[in-house]
Every structure is written in structure tokens, then in C-alpha cells.
Amino acid sequence: MKQVKHWQDPVNAVAGAWLIVSPWVLGFQGISPAMWTMVATGIVLGAVALGATFVPKQWEEWTEVALAVWLAASPWLVGFAAMETAMVNAVLVAALILVLALWVLVTDKDYLGGMMNRPAH
């Protein structure tokens, strides 16, 4: 079995699974915009993170960054900022996703690390 290149990717896959179940665990399944935002984002995040786990590519990390930005802004964009539990869940999970994806991007020599070795003009 191939070794996982970045431990952060399976953690982001778990974060995706959390997003899918969080409306029921935290009790906001009745708030449709929040529930569907979490479920849809969780499915996409889980798929991207699993892809990054098994076939790591830089674009997957950037997709996770974009998903984190979307998730952090979603309470205000979709209209569930007044539901504190859902809003806090979205923002905290977004922060986790963002930190993990950026961590991979800045520490993997095959990603941004290659840009740092370019000669100055």
C-alpha cells in the first residue's frame, strides 16, 4: 500500500464527513440553508481530500482553500448567520480546512517549495 504523502488530507476528509453529519449532531438539520451548505460542502471536501490522499496534486489543496473560504463566508452569503451553532461550526471547520491546506502548500517542496527555488530576475 502506498504511503500517504500529507497527513493533513485524511484529516480534511474527516472534516468533510463531520460537515455531512454536523447538522444532525448539532441540531440544525431543520434549517435548510445551513444543513444543505454543510452537506454539499462536506461531500465536495471529502471527495477532494480523499483524492489528495491517494493521488496528491497541488490543485486539490487550492480547491480545499476555496472550499474553506466559501464555508467561512456561507453563513452570511446563504443566510444562516443568525443560527449561532451552524455559523460557528462553519467558521471553525473552515479555519481548520484552511490551515491544513495552506500547511501542505507551503511545506511540500513539489508545490510552492518549487517556486521558492527559482532564480531572482
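Counting restarts for each chain: residues are numbered from 1 in the order of the written sequence. Two thresholds apply to this predicted model, a pLDDT of at least 70 for residue-level local features and 80 or more for giving and counting side-chain atom pairs, whereas whole-chain, interface and lining totals are computed over all residues. Derived side-chain values reflect all non-hydrogen atoms in the structure, with water molecules and hydrogen atoms excluded from consideration.

Novice: Any chance you could explain the nonpolar core here in plain terms?
Specialist: Side chains that are nonpolar tend, in soluble globular proteins, to be buried together. The biggest cluster of nonpolar side chains holds 15 residues, and the ones touching the most others in it are Leu19, Met38, Leu45, Leu71, Phe80, Val93 and Ile97. What counts as a helix is a DSSP run of H or I of at least four residues, what counts as a strand is a run of E of at least two, and both are numbered from the N terminus. Within the residue set of this core, elements represented by two or more residues are helix 1 (8-26), helix 2 (32-54), helix 3 (58-79) and helix 4 (84-107). Top element by residues in this core is helix 4. It accounts for 5 residues. Note on terminology: a nonpolar core comprises buried Ala, Val, Leu, Ile, Met, Phe, Trp, Tyr and Cys residues joined through side-chain atoms within 4.5 Å. For every residue, the accessible area (1.4 Å probe, protein chains only) is compared with the maximum for its type, and the residue is labelled buried under 20%, exposed over 50%, or partly exposed between those bounds. Residues Val65, Ala101, Val104 and Leu105 belong to the second largest nonpolar core, which totals 5 residues.

Novice: For this particular structure, what's the right way to read the packing of helix 2 against helix 3?
Specialist: Two quantities define a packed helix pair, namely the angle between the helix axes and the distance between the axes. Every angle, taken between N-to-C directions, lies between 0 and 180 degrees, and every axis is a line fitted to C-alpha atoms, over only the stretch in contact when it is a helix. Interaxial distance between helix 2 and helix 3 falls to 10 Å at its minimum, and their mutual angle equals 175°. In terms of their interaxial angle, helix 2 and helix 3 are classed as roughly antiparallel. Between helix 2 and helix 3, the contacting residues are Pro33, Thr37, Met38, Thr41, Val44, Leu45, Val48, Ala49, Gly51 and Ala52 on the first element and Glu60, Glu61, Thr63, Glu64, Leu67, Trp70, Leu71, Ser74 and Val78 on the second. Residue polarity follows a fixed list, in which Ala, Val, Leu, Ile, Met, Phe, Trp, Tyr, Cys and Pro are nonpolar, Asp, Glu, Lys and Arg are charged, and the others, Gly among them, are polar. Among the residues making up the contact of helix 2 with helix 3, the classes are represented as 11 nonpolar, 5 polar and 3 charged. Every angle not falling under 35 degrees, over 145, or within 65 to 115 is termed oblique; those three ranges are roughly parallel, roughly antiparallel and roughly perpendicular. Residues are treated as being in contact if the distance between any of their heavy atoms lies within 4.5 Å.

Novice: Please explain a nonpolar patch on the surface as it appears in this structure.
Specialist: Residues with no salt bridge and a relative accessible area higher than 30% make up the patches, which join like charges within 9 Å and nonpolar side chains (Val, Leu, Ile, Met, Phe, Trp, Tyr) within 5 Å. Where accessible areas are quoted, they stem from the Shrake-Rupley method and a 1.4 Å probe; at the residue level, only the protein chains shown are allowed to cover. Put simply, a salt bridge is a Lys or Arg side-chain nitrogen that is within 4 Å of an Asp or Glu carboxyl oxygen. Together, Trp7, Val11, Leu96, Val99 and Trp103 make up a nonpolar patch on the protein surface, roughly 470 Å² of accessible area in all. Here the nonpolar patch takes 3 residues from helix 4, the largest share from any one element. Turning to its location among the elements, Val99 is positioned in helix 4.

Novice: Looking at this structure, I do not really get the confidence of the model for the chain. What am I missing?
Specialist: Close inspection of predicted coordinates is inappropriate in any region flagged by low pLDDT. For every residue, the predictor reports its confidence as pLDDT, a number between 0 and 100. Summarising the model, the chain shows a mean pLDDT of 87, and 88% of its residues fall at 70 or more. At the low end of the mean pLDDT range in the chain sits helix 5 (residues 113-116), at 51; at the high end sits helix 1, at 94.

Novice: Sorry, what's going on with the side chain of Ser74 here?
Specialist: Topologically, Ser74 is positioned in helix 3. The exposure class assigned to Ser74 is buried, which follows from its relative accessible area of 0%. With sequence-adjacent residues up to four places away left out, Ser74 is seen in contact with Thr37, Gly79, Phe80 and Ala90.

Novice: Looking at this structure, I do not really get the environment of Ser32. What am I missing?
Specialist: When you line up the elements, Ser32 lands in helix 2. Overall, Ser32 belongs to the partly exposed group, its relative accessible area being 39%. In this structure, the C-alpha to C-alpha distance between Ser32 and Phe80, residues 48 residues apart in sequence, is 9.2 Å.

Novice: Would you explain the environment of Ala68 in this entry?
Specialist: Tracing the backbone shows Ala68 in helix 3. By relative accessible area, which is 3% here, Ala68 ends up buried. A C-alpha to C-alpha distance of 9.1 Å links Ala68 and Thr41, two positions 27 residues apart in sequence. Leave out the neighbours within four places in its chain, and Ala68 touches Ala94, Ile97 and Leu98.

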